[in-house]
Amino acid sequence: MISTSIRLLRIQLLKDFGINEVMHCRDAGKKRKLVFMLCIFIFCGGLLAFYVAGAAWVLCVSGAQDSVPGFVVAVSSMAIFIFTLFKAGPVLFAAGDYEMLTALPLKPSAIIMSRLLHMYLSSLLLSALTIAPAGAVYGLTAAPSPVVYVRMFISLFFVPLVPLTVASLIGTLIIAIGSRVRRKNLVIILLSMTFTLGILAVTMLFSSRAENMELQDMAGMIRGAVEQVNGMYPLTGLYTAGITGANPAALAGFAAISMGIFLLFIALVQWKYVQISSALRTHEAKKNYRLQSLKQRSVLGALYKKEIKRYFASNIYVMNTMVGYILMVAAAIGLAAGMDKLESYLQLEGVGGTLPVSLGSMLPFLLSLMVMMGGTTSSSISIEGKQWWILRSLPIPSGLILDGKMLVNLTFAVPSILLAGTILTVSGQTGGLRPVWVFLVPLAYACFSSVLGITINLKMPVFNWDNETTVVKQSASTFVSVLGGMLLALVPIGLRFALAGVPADLFLGGVTVLVLLITVILYGKNRRCDLRKIG
């Protein structure tokens, strides 16, 4: 089984990252795209390692060196859990190659193992990017014995197992429950959304409790936080005892429990794998269907309806693009309790004396940052897959086809912005800023996000995919659109500090006009694009 799983894993890796296609094609453009994608991954990895190393340094200089191993394992586990949660189900029960694989003499356990190993490798990389830099800082400040480094290296391979398993279990349960009802995708989306809101509610609850804690110094606060993590996630305590406490039994227990949970999950999924996969691909038709009156729509209306249906047909597409809007509304609710809570969270006591501008002047860009995280258009062309030829061959102007895709993004962005802005305005937590900017600036970025996603996806389309996760979460178009858009939302914050003497209304108005101007230019360029030459 292991050798078969490794072969399946190798095939999946070669296909997912386009390595096989690049190796056997003569198109220099595809090779450049692969190199560009690799550079993006390296940049994101370096950024993550930098922030984790900075957090570890703060722990060390605060006198909490012994808390670094537990802290970094908690951060790594949380990151793996979040990044794996909503892609685990679609990856484990991928529809693209299910019929082909089940027709081959393969055991379900081999298929499951190969897909879990695929997620494990990405989780292992994420774990290494958090543990390695934090371990280096810990080594420079605490000067532990060389045996500690050996233990950290060995345990690195076991850290991803439990968060990966828990996220996969939740994803499997959501898929399994959804497979038993008629409206499968709708139920799966609602369950995933409910779980996401639950996580946000618990996080906000713990944050509010932490604000009421009276600790004497930063080291005490950090130790208290690590103790809370150890209580919620006991494996962190075993890991810390095995690394800093020189307790081989604790480290062995950490490895054994992690591997045992992982293997138990494989056996559990193998038991119901074929049944769940088959149920996801069954469709129920009405027995008493009768042709009734037909409704006539405009071309744009018909395209919009088609795009909305396609959007909700993919639960991974919905959850990956809705997270930004959910976070924006959640942030508005959190700020409604008072601007002082945000200042306390950022540890900016006495803002007037430390910052040249008020936090209120940055609120529109905070909302805009989350708007840029939730664009649907960055993969709206690639999601067409092998059916793209149908859409591009229709006798319809290219602009209308692209408008239908952009309207889907605005359908969710505009109500979310209006809701978040209304919450902040009614609660009076706009930081002395005119309430109109809390609406105008994010709305301008919503239009920009819709157009920017289309522009980049036209340049970097991917149609030969078997799993929607490939284009929604792993494509170069998604990475460039989200990271580039977030960067363009962060730049005005830096400029605001540099131009502190400029009135807030003038600065926000200038940024809004500039964003809309860029949007109009990109929109006109997209409308002139010949879709028949794409793909």
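What counts and how
Residues numbered from 1 in each chain as written. Predicted model: local features only at pLDDT ≥ 70, side-chain atom pairs only at ≥ 80, totals over all residues. Heavy atoms only, no water. Phe/Tyr/Trp six-rings, centres within 6.5 Å; stacked < 30°, edge-to-face > 60°. Helix = DSSP H or I, 4+ residues; strand = E, 2+ residues; numbered from the N terminus. Salt bridge = Lys/Arg side-chain N within 4 Å of Asp/Glu carboxyl O. Buried < 20%, exposed > 50% of the residue type's maximum accessible area, 1.4 Å probe, protein only. Contact = heavy atoms within 4.5 Å. Expected span 1.5 Å × (residues − 1). Patch = residues over 30% accessible without salt bridge, like charges linked within 9 Å, V, L, I, M, F, W, Y side chains within 5 Å. Areas by Shrake-Rupley, 256 points an atom, 1.4 Å probe, with all protein chains shown as cover. Arc of directions from axis to C-beta.

**Student:** Please explain the packing of aromatic side chains as it appears in this structure.
**Tutor:** How two aromatic rings sit relative to each other is set out by the distance from centre to centre and by the angle between their planes. Enumeration according to the criterion identifies nine aromatic pairs in this entry. Arranged with centres 5.1 Å apart and planes meeting at 35°, the rings of Y311 and F412 form a pair that is tilted. Of this pair, Y311 sits in helix α13 (residues 299-312) while F412 is found in helix α19 (residues 398-427), placing the two residues 101 residues apart along the sequence. When the ring of Y445 is compared with that of F448, the centres are 6.5 Å apart and the planes differ by 90°; the resulting orientation is edge-to-face.

**Student:** Whenever I open this one, the pattern of salt bridges confuses me. Can you help?
**Tutor:** Side-chain pairs of opposite charge can arise whenever the charged atoms involved come near each other. Considering all chains together, one arrives at seven salt bridges under this definition. Put simply, D403 and R527 hold a salt bridge, and the shortest N to O gap is 3.0 Å. On the criterion of sequence distance, the pair formed by D403 in helix α19 and R527 in helix α23 (residues 504-527) is long-range, its members being 124 residues apart. We classify D403 as buried; its relative accessible area is 12%. With a shortest N-O distance of 2.6 Å, R434 and D505 are connected by a salt bridge. Highlighted residues: R434 in the loop between α19 and α20 (435-459) and D505 in helix α23, separated in sequence by 71 residues. Here D505 falls in the partly exposed class, since its relative accessible area comes to 30%. Counted as one network, the salt bridges with shared partners bring together K306, E307, E384 and K405.

**Student:** In this structure, what is going on with the environment of L300? I would like to understand it.
**Tutor:** One can find L300 in helix α13. Owing to a relative accessible area of 28%, L300 belongs among the partly exposed residues under this scheme. Sequence-wise, L300 and I401 are 101 residues apart; in three dimensions their C-alpha atoms are separated by 7.6 Å. When neighbours within four sequence positions are excluded, L300 is seen to be in contact with L400, D403, G404 and L407.

**Student:** How should I be thinking about α23 in this particular structure?
**Tutor:** Working note: α-helix, 3.6 residues per turn, so residues spaced by three or four point in the same direction. Taking 1.5 Å of rise per residue, 24 residues should cover 34 Å, and α23 covers 35 Å from first to last C-alpha, within 8% of that figure. Looking at α23, one finds that the buried residues are F507, L508, G509, V511, T512, V515, T519, L522 and N526. On the buried face of α23, the contacting elements are α17 (363-373), α19, α20 and α22 (476-498).

**Student:** What is the right way to read a nonpolar patch on the surface from this model?
**Tutor:** Taken together, the side chains of F43, L47, F50, Y51 and L483 define a hydrophobic patch exposed on the protein surface, amounting to about 550 Å² of accessible area. For the nonpolar patch, the element with the most residues is helix α3 (residues 28-61), which contributes four residues. With respect to the helices and strands, L47 occurs in helix α3.

**Student:** Help me understand the side chain of K405 in this model?
**Tutor:** One can find K405 in helix α19. Judged by its relative accessible area of 1%, K405 falls in the buried class. In contact with K405, other than residues within four places in its own chain, are K306, E307, T376, T377, S380, I381, E384, L391 and I454.

**Student:** Is there a simple way to explain α13 in this structure?
**Tutor:** Taking 1.5 Å per residue, 14 residues should reach 20 Å; α13 reaches 20 Å between its end C-alpha atoms and fits that length. When α13 is considered as a whole, its buried residues turn out to be L303, E307, I308, R310 and Y311. Down the axis of α13, the sector holding all buried residues measures 165°, keeping them to one side. Structurally, α13 contributes buried residues whose contacts are with α14 (315-336), α18 (388-392), α19 and α21 (468-472).

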